[in-house]
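Each chain, letter by letter, is given below.
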Amino acid sequence: MAVIRSVIRGVGAYLPKRILTNAELAKTVDTTDEWIVERTGIRARHIAADGEYTSDLGAHAARQALVRAGIDPVEIDLVICATATPDRTFPATAVRIQNMLGVTKGAAFDVQAVCSGFVYAMATADAFLRTGQFKRAIVIGAETFSRILDWEDRTTCVLFGDGAGAVVLEAQPQTGGRNDRGILSTTIRSDGRYEDLLYVDGGPSTTKTVGHLRMNGREVFRHAVQKISGVIEETLVTTGYAANEIDLFVPHQANKRILDGIAKKLGIPENRIVVTLAEHGNTSAASIPLALNHAFERHLLGEGKLVLMESMGGGFTWGAVLARW
Ligand code: ACO
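Being a predicted model, the structure only gives us computed values, none of them experimental.

Visitor: Explain the overall build of the protein chain residue by residue, including any values.
Guide: Looking only at helices and strands, the protein chain has 10 helices and 13 strands in total. Over its C-alpha trace the protein chain gives a radius of gyration of 18 Å, about what one expects of a compact globule, namely 20 Å for 325 residues. Once the C-alpha set of the protein chain is aligned to its principal axes, its extents read approximately 60 × 45 × 40 Å. Residues classed as buried in the protein chain amount to 56% of the 325 residues present.

Listed below in structure tokens is the structure:
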């Protein structure tokens, strides 16, 4: 039976020029390169320049994705930006990016699910494209977490960085069979009981300030392995694929030990997991599209490859997207 699917036409990414290494961080907070590498796998992160905003990062990534897709910005009718670090409280960063790209039709809005933002945004775009409301979407994950970190808190400031990634999706008819291209399944979940384990201690309605990220790392770690493994298992059961049929696992890049824990639990071979966090740390909503871009540039994402993306973030929120490239 013919169906409409959201086919991934292009991917792009952008990292700010300034690189902050572990060794450099160790000069300002009580930490070491060895501790950070051993506990997280992170070696460096990128930091946005003064005057460089989330929208700038997102627009760079979006432009690259559009060029690679061979799609003119005027053909885009949906712009979704996943971010927890918007330029302003409003308007949405997506609307600013829409304007920067020269898109004036359709709709643009932000999605806020912290580190799960990209998965939530993909699920949202997919729902709109499959029901025929829009034809071509650009889904962006863009963050400037450096602006919400407490740079004196060694338990959090070593983990995050700035960056952006984007994909172009196009509604295309497919056969409804096993070889269909495009997004095959999306699963998004949340549970607000865990808010106090990972949050920002400010906001327009509470403190009238932006606030700083606060986290109980050990508890987040425990939930991450459990919840991400659960949503991957759910995805495999609903779609009828086995873990060993997935060509590429493109996880949210939070911590190498979380990725190892999930891989071990589900029996995923290490050589099928894209790991980029050494280079840019946890970039929240940007981390999956940055990892997709990394895989694309290394020719790991040829047409027909089965790709599983997953994430967990503040809220908690978590989810997974299965797609055939
Ligand atoms: N450098 C040196 N020592 C440190 C640092 C640091 N940067 N940070 C903490 N420590 C110390 C602690 O103070 C503690 O010292 P103590 O034993 O004297 O009290 C010791 O190291 C151990 O601290 P733990 O918090 O138990 O260390 P743990 O092994 O759990 O690692 C970490 C901490 C890396 C944060 C880990 O818990 C983690 O990765 N959690 C997941 C958090 C995460 O990835 N969040 C991202 C958002 S959610 C998501 O994206 C999935």
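Structure shown, so let's carry the discussion forward.
Visitor: Mind laying out the nonpolar core, listing which residues take part and the relevant values?
Guide: I232, I246, I262, L308, M312 and F316 are the most contacted members of the largest nonpolar core, which has 43 residues in total. If you tally residues by element for this core, the top one is helix α7 (residues 217-239), at 7 residues. Once residues lying within four places of it in the same chain are set aside, the contact partners of M312 are C115, S116, V220, H223, A224, K227, I228, H252, T317 and W318.

Visitor: A description of the packing of α7 against helix α8 (residues 256-266) should follow, citing residues and the corresponding values.
Guide: Where α7 meets α8, the closest approach of the two axes is 9 Å, and the angle between their N-to-C directions is 40 degrees. For the element pair α7 / α8, the angle class is oblique. Handedness of the crossing formed by α7 with α8: right-handed. Taken together, the residues of α8 that come into contact with α7 (itself represented by F221, A224, V225, I228, S229, I232 and E233) are R257, I258, G261, I262, K265 and L266. Taken together, the residues of the contact of α7 with α8 sort by class into 8 nonpolar, 2 polar and 3 charged.

Visitor: Give a description of the pairing of strand β13 (residues 317-324) that names residues and reports values.
Guide: Most of β13 sits inside the fold, with 8 of its 8 residues counted as buried. Neither face of β13 is left uncovered, since the one carrying T317, G319, V321 and A323 and the one carrying W318, A320, L322 and R324 both have all their residues buried. Relative to β13, strand β8 (residues 182-190) runs antiparallel, the two being bridged by 8 bridges. Note that in β13 the partner of I188 across the bridge is G319. Remark: 3 residues form the turn of the hairpin made by strand β12 (residues 306-313) and β13, two consecutive strands paired antiparallel; G315 in that turn has positive phi of roughly 140 degrees.

Rules behind the numbers
- Residues numbered from 1 in each chain as written.
- Predicted model: local features only at pLDDT ≥ 70, side-chain atom pairs only at ≥ 80, totals over all residues.
- Heavy atoms only, no water.
- Helix = DSSP H or I, 4+ residues; strand = E, 2+ residues; numbered from the N terminus.
- Rg over C-alpha atoms; globule rule 2.2 N^0.38 Å.
- Buried < 20%, exposed > 50% of the residue type's maximum accessible area, 1.4 Å probe, protein only.
- Core = buried A, V, L, I, M, F, W, Y, C linked by side-chain atoms within 4.5 Å.
- Contact = heavy atoms within 4.5 Å.
- Axes fitted to C-alpha atoms, helices over the stretch in contact; angles between N-to-C directions.
- Parallel < 35°, antiparallel > 145°, perpendicular 65-115°, else oblique.
- Left-handed = near helix turned anticlockwise from the far one by under 90°.
- Nonpolar A, V, L, I, M, F, W, Y, C, P; charged D, E, K, R; others polar.
- Pairing = 2+ DSSP bridges.

Scope: geometric values only; no functional claims are made or implied.
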